[in-house]
Amino acid sequence: MKQSLRQSMSVLHTWSGLIVGWLLFAIFLTGTCAYFQEEITKWMQPELTTHADSDLAAINAVEYLQETAPDAQTWFIGLPDDRKATTRLFWRPGENADPSAPTRAVLDGQGAAAEIRDTQGGFFLYRFHFDLHYMPAILARYLVGIAAMTMLIAIISGVITHKKIFIDFFTLRFGKGQRSWLDAHNMSAVFALPFFLMITYTGLVTLASMYMPFAITANYKSAGDFFQEAFFSPDNASPSGMPAEMAPMSDILRVAAQRWDGAKVGDIRIISPNDENAIVVLRRSTSEAIGDRSPQIILNGVTGALIKASPDQSAALATESFFVGLHAGRYADWGLRWLYFLSGLGGATMIGTGLVLWTNKRALKNQKAGKTPFGFWLVERLNIATLVGLPAGLAVFFLANRLLPLDMENRSDWEINFLFIVWAGAFVWAAGRPARRAWAEMLGLSGGMFLLVPIVNAATTSRNLFVSLGNGDWVFAGFDAAMLFFASAFGYAAFKCLKVKRPAPRPVLNKRAGLPAE
Amino acid sequence: MIHVFAIVIAAIGFLCLASSMRRHAGVFFPASDLTARRKFHLRLAGTLVLASMIAVNAFAFGVVVGLITWFGQLTIAAAVCVLGLQIKEGVMKSL
């Protein structure tokens, strides 16, 4: 029988949402956390208490690199700012360097060497939301791209399906079973609909050259040539082999400050340091404007003279830069950042309620039929493992940061491993338990894990919630308070889950007698 | 602080829009009092309040960031409005 457009869209919405739902939930949740990646990193490096000074950090970082890697081919310095507490250094070692020698270091906010625990902090959550983990980044980016495109389909088909979008706008009915889940799904979807459309579309734009490389391959010899032309880089940076003294970093920073009306430098790249052909590339901080492709200037590393500045962006590049910046939200002040974060949580809620709705719709039918198909069983277990197991894993990720020995080898990797161990464990647990019990137990466990985070923080550092509040340390106080909020939310959900009884199936009437059938 | 102010004002705008709907009007006044004229005035007031928040945000943050901020504030304000309606309906049922 021919279906109406709305019915067809409903089917498309249901299945497109289901197939990639768990991956989308993970992307949305970690991506949402990434709006506070610098604050999360600060919390995960409690040793750092120094105030960040980006100019001083740049000067000290160059001194550190002169001592540690004077023969490197390239130095890269990521500068601290109001949000970033550390100075991050990477270098490409020289040809004769010891291959086992380190190629990166983390300094404090003033560029001084500091004893900081080995952690990836919030950066892991940021990378996970498009690179995933335990798999090649390219493969992961294709998977994430497919999920994002499918999400776009689910959003558009969902809008067409939702025929009472205005009438039901303010409708949320509690305690009505499937109807309540549908209300929650609709509400979370409609309220932040512009955000979902924006974040999904701009997410695809961030990796557009990878998903649609055809224009590049048709017009350039290699992708490298395209990036060289589009994203501005020095023409000739090969070393001469003649040693030379570098220009003072303070002079170089002064040129940037004059050029950008005092705007901060975000990062510095020094190519062929201590060579006559040394070049310094400065990029303006991304927090200064929405566009993520910040302007750059190239200076002679020996004389400090300006060689060239990035030209005005073409309309296409400026548009791309704006979309990437809009997605990443690095320009946002704290208020707008919270709005991004809450809208992102709304996205996770929308996906989560949609997944639960799928099982709720079919549960009663299965109950009536007296059998549980494997597909239904799998979806229900994956729902428990992902919607509750992943948040529990995140809580354990934070706990591992405080509890793992500081001198442990590959410590930062083990923080991450613990997240996935808990996530996988949640699936194993859900697989071996009745669904309703598993929901309640996992929700309770998640609540408990989140509750432990501020407690363990207080036990292992001197920066507990009350001290942080007293010191006006809003990053630590906010983080601990957020953990307590999530603990309460999961605890309440576990309590409700234990109380709610699944409705018994309606008796099938014997039509002729009007009595329940045997 | 401006975000809190803007969210509160936007939530009031949403409450005006909600009260112009037959399903929710009973929370504010007897549903029978929802005349066509009153419905029009409530819709107009709600729309104007929400639209005026664009101007406030544009003034505070510039046009582009102000518009982005406005969308975010509407999301939170709508959620606040729905929770407010739920609480009010719960209180009315318990009386």
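Residues numbered from 1 in each chain as written. Chains lettered and ligands numbered in written order. Predicted model: local features only at pLDDT ≥ 70, side-chain atom pairs only at ≥ 80, totals over all residues.

A. Molecular detail of the overall build of chain B. On a plain count of helices and strands, chain B comes out with 4 helices and 0 strands. Reading chain B from its N end, one meets helices and strands in the order α-α-α-α. If you line up chain B on its principal axes, its C-alpha atoms span 45 × 30 × 15 Å. Scored against the burial criterion, the 95 residues of chain B give a buried share of 34%. (Helix = DSSP H or I, 4+ residues; strand = E, 2+ residues; numbered from the N terminus. Buried ≥ 20, exposed ≤ 12 C-beta atoms within 10 Å, placed from the backbone.)

B. Representation of the overall build of chain A within the structure. When you go through chain A residue by residue, the secondary structure sums to 19 helices and 9 strands. Burial status across chain A gives 40% buried among its 518 residues. For chain A, restricting intrachain contacts to residue pairs at least 6 apart in sequence, the fraction spanning at least 24 positions comes to 70%. (Contact = placed C-beta atoms within 7 Å.)

C. Examining the pairing of strand S2 (residues 87-92) of chain A more closely. Residues and elements named next belong to chain A. What you see with S2 is a clean split: Thr87, Leu89 and Trp91 sit on the buried side and Arg88, Phe90 and Arg92 on the side with no burial. By the bridge criterion, 5 bridges tie strand S1 (residues 74-78) to S2 in an arrangement that is antiparallel. Across the sheet, Gly78 pairs through a bridge with Arg88, a residue of S2. Sheet topology note: the S2/strand S3 (residues 104-107) ladder contains 4 bridges and is antiparallel. If you follow Phe90 over to S3, its bridge partner there is Arg104. (Pairing = 2+ DSSP bridges.)

D. Here's a closer look at the interface of chain B and chain A. The interface of chain B with chain A comprises 17 residues on the first partner and 16 residues on the second. Only helix H1 (2-19), helix H2 (22-25) and helix H4 (63-94) of chain B provide two or more residues apiece to the side of chain B that touches chain A. Ranked by residues supplied to the side of chain B that touches chain A, first place goes to H4 of chain B with 13 residues. For the side of chain B that touches chain A, the residue count by class is 9 nonpolar, 7 polar and 1 charged. (Nonpolar A, V, L, I, M, F, W, Y, C, P; charged D, E, K, R; others polar.)

E. Looking closely at the confidence of the model for chain B. Residue and element names in this part refer to chain B. For chain B, mean pLDDT is 92; residues scoring 70 or higher make up 99% of the total. The lowest-confidence element of chain B is H2, averaging 89 in pLDDT; the highest-confidence one is helix H3 (residues 36-61), averaging 96. As a predicted assembly, this complex carries a pTM of 0.93 together with an ipTM value of 0.95. (pLDDT = per-residue confidence, 0-100.)

F. Local environment of the sheet that holds strand S5 (residues 279-284) of chain A. Residue and element names in this part refer to chain A. As summarised here, the arrangement of the 7 strands in space is S3-S2-S1-S4-S5-S6-S7, forming an open sheet in which the pairing is antiparallel. The open sheet has two free edges, formed respectively by S3 and strand S7 (306-309), since each of these has just one partner strand. Strand-to-strand twist in this sheet, taken as the mean axis angle between neighbours without regard to direction, amounts to 15°. Helix H4 (residues 54-68) contacts S1, S2, S3 and strand S4 (265-271) of the sheet and is inclined by roughly 35° relative to S2. Those strands touched by helix H12 (residues 249-259) are S4, S5, strand S6 (296-300) and S7, and its axis lies near 145° from that of S6. (Axes fitted to C-alpha atoms, helices over the stretch in contact; angles between N-to-C directions.)

G. Up close: the packing of H1 of chain B against H3 of chain B. All names here are of chain B. Between H1 and H3, whose axes approach to 7 Å, the crossing angle comes to 160°. Taken as axis vectors, H1 and H3 run roughly antiparallel relative to one another. Seen along the crossing, H1 lies across H3 with a hand that is left-handed. Residues Ile2, Ala6, Ile9, Ala10, Ile12, Gly13, Phe14, Cys16, Leu17 and Ser19 of H1 pack against Leu42, Arg43, Ala45, Gly46, Val49, Leu50, Met53, Val56, Asn57 and Ala60 of H3. Class assignment of the residues belonging to the contact of H1 with H3 gives a composition of 15 nonpolar, 4 polar and 1 charged. (Parallel < 35°, antiparallel > 145°, perpendicular 65-115°, else oblique. Left-handed = near helix turned anticlockwise from the far one by under 90°.)

H. Representation of the confidence of the model for chain A within the structure. Put simply, chain A has an average pLDDT of 92, and 96% of its residues get 70 or more. Below a pLDDT of 50 lies the segment residues 511-518 of chain A, which in the model reaches 8 contacts outside its immediate sequence neighbourhood of four places, other chains included.

I. Up close: the environment of Ser240 of chain A. Residue and element names in this part refer to chain A. Topologically, Ser240 is positioned in the loop between helix H11 (223-230) and H12. Here Ser240 falls in the exposed class, since 11 other C-beta atoms lie within 10 Å of it. For the pair Ser240 and Asp275, spaced 35 residues apart in sequence, the C-alpha separation works out to 6.7 Å.

J. The nonpolar core, seen in detail. Within the largest apolar cluster, 113 residues are counted, with the highest numbers of intra-cluster contacts made by Met442 of chain A together with Cys81 of chain B. Ranked by the residues each element gives to this core, the list is headed by helix H15 (residues 374-403) of chain A, at 14 residues. The contacts of Cys81 of chain B, once residues within four sequence positions are left out, are Phe170 of chain A together with Ala11, Phe14, Leu15 and Ala18 of chain B. Among the nonpolar cores identified, the runner-up in size contains 34 residues, and Ala58, Ala69, Met249 and Leu253 of chain A belong to it. (Core = buried A, V, L, I, M, F, W, Y, C linked by C-beta atoms within 7 Å.)

K. Seen up close, unusual backbone geometry. All names here are of chain A. Residues other than glycine seldom take positive phi values, yet Ser272 does so here, at roughly 55°. Here Ser272 is to be found in the loop between S4 and S5. The phi angle at Asn274 is positive, at roughly 60°, despite the residue not being glycine. Structurally, the position occupied by Asn274 is in the loop between S4 and S5.

L. Quick peek at H1 of chain B. The terminal C-alpha atoms of H1 of chain B, which comprises 18 residues, lie 26 Å apart, in line with the 26 Å expected from a rise of 1.5 Å per residue. Residues of H1 of chain B that are buried: Ala6, Ile7, Ala10, Ala11, Gly13, Phe14, Leu15, Cys16, Leu17, Ala18 and Ser19 of chain B. (Expected span 1.5 Å × (residues − 1).)

M. Focus on the environment of Pro102 of chain A. Mapping Pro102 of chain A onto the fold places it in the loop between S2 and S3. Between the C-alpha atom of Pro102 of chain A and that of Ile416 of chain A, which follows or precedes it by 314 residues, the distance is 21 Å.

N. Spotlight on the pairing of S5 of chain A. Residues and elements named next belong to chain A. Of all 6 residues that make up S5, 6 are buried, and the element is covered over most of its length. What you see with S5 is no split at all: Ile279, Val281 and Arg283 on one side and Val280, Leu282 and Arg284 on the other are buried throughout. In terms of strand pairing, S4 meets S5 through 6 bridges, oriented antiparallel. Considered in S5, the bridge of Ile271 is made with Ile279. In the sheet, S5 pairs with S6 via 5 bridges, with the strands oriented antiparallel. Among the inter-strand pairings, Ile279 is bridged to a residue of S6, identified as Asn300.

O. View of the environment of Gly203 of chain A. Residue and element names in this part refer to chain A. Examined against the element boundaries, Gly203 turns out to sit in helix H8 (residues 193-206). Expressed as a C-alpha distance, the spacing of Gly203 and Ala148, which sit 55 residues apart in the sequence, is 7.5 Å. Among all residues touching Gly203, those that are not within four sequence positions of it are Ala148 and His327.

P. Seen up close, H8 of chain A. For H8 of chain A, built from 14 residues, the straight-helix expectation of 20 Å at 1.5 Å per residue is met to within 8% by its first-to-last C-alpha distance of 20 Å. On its buried face, H8 of chain A is in contact with helix H6 (137-161), helix H13 (315-328) and helix H14 (334-369) of chain A together with H4 of chain B.

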